Amino acid sequence: MSKTRDDLTITEALHDPLIAMVLRADGVKLDDFKRLLETAARKREQRTSPVGKFLNVIPNNNPAAMCSYC
């Protein structure tokens with residue numbers, strides 16, 4: 001089974017006619033929208049996963065923090 005992508009890429013969003021109509025109606029410039037999407041994408045890439053944060057908090061070789069059924 002292959003997984004398909006549900007979200008638009010930034011390029012696809014910038015070329016989508018419906019998005020263009022909404023931006024025009026709201027008075028948003030395409031360049032401003034592009035910068036917003038690129039900034040959000042960069043911030044998303046920099047986020048640490050919740051699991052990664054959790055694993056970084058657990059001290060090494062701490063019996064109290066170790067899984068009891070592992």
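Residues numbered from 1 in each chain as written. Predicted model: local features only at pLDDT ≥ 70, side-chain atom pairs only at ≥ 80, totals over all residues. Heavy atoms only, no water.

Asks: Give me the overall build of the protein: which residues, what numbers.
Replies: A tally of helices and strands in the protein yields four helices and zero strands. Secondary structure elements of the protein, listed N to C terminal, follow the sequence α-α-α-α. Looking at the protein residue by residue over its 70 residues, the buried ones come to 7%. Surface accessibility of the protein: about 6,700 Å² in total, with carbon and sulfur atoms responsible for 57%. (Helix = DSSP H or I, 4+ residues; strand = E, 2+ residues; numbered from the N terminus. Buried < 20%, exposed > 50% of the residue type's maximum accessible area, 1.4 Å probe, protein only. Areas by Shrake-Rupley, 256 points an atom, 1.4 Å probe, with all protein chains shown as cover.)

Asks: Let's hear about the pattern of salt bridges: which residues, and what values?
Replies: Counted according to the given criterion, the structure contains one salt bridge. Two residues, Asp-32 and Arg-35, come together in a salt bridge whose shortest N-O distance is 2.4 Å. With Asp-32 and Arg-35 both in helix H3 (residues 30–46) and three residues apart, the pair spans about one turn of that helix. Classification of Asp-32 as partly exposed rests on a relative accessible area of 36%. (Salt bridge = Lys/Arg side-chain N within 4 Å of Asp/Glu carboxyl O.)

Asks: Please give an account of helix H2 (residues 17–26) that cites residues and values.
Replies: Count 3.6 residues to each turn of an α-helix, and residues three or four apart come out pointing the same way. The buried count for H2 comes to one of 10 residues, which makes it a mostly uncovered element. Two or three places before Leu-18, at the start of H2, stands the capping residue Asp-16, its side-chain oxygen 2.9 Å from that residue's backbone nitrogen. Phi for Gly-27, located one or two positions after H2, is positive at around 75°. (Polar contact = N/O pair within 3.5 Å; in protein donor to acceptor, adjacent residues only side chain to side chain.)

Asks: Report on a nonpolar patch on the surface, specifying residues and quantitative values.
Replies: Together, Leu-18, Met-21 and Val-22 give the surface a local cluster of nonpolar side chains, amounting to about 290 Å² of exposed area. By the element assignment, Leu-18 lies in helix H2. (Patch = residues over 30% accessible without salt bridge, like charges linked within 9 Å, V, L, I, M, F, W, Y side chains within 5 Å.)

Asks: Which residues make up the confidence of the model for the protein, and what values do they have?
Replies: Do not read the fine detail of predicted coordinates wherever pLDDT is low. For the protein, the mean per-residue pLDDT works out to 80, and 60% of the residues sit at or above 70. Within the protein, H2 carries the highest mean pLDDT (97), whereas helix H4 (residues 50–57) carries the lowest (67). (pLDDT = per-residue confidence, 0-100.)

Asks: Describe in detail the environment of Ala-20, supporting the description with residues and values.
Replies: Tracing the sequence through the fold places Ala-20 in helix H2. Once the C-alpha coordinates of Ala-20 and Leu-30 are considered, the two residues, 10 residues apart in sequence, prove to be 7.8 Å apart.

Asks: Could you give an account of the environment of Thr-9, with specific residues and numbers?
Replies: For Thr-9, the location among the structural elements is in the segment before helix H1 (10–15). Measuring from C-alpha to C-alpha, the distance between Thr-9 and Leu-37 comes to 9.6 Å, with 28 residues separating the pair along the chain.

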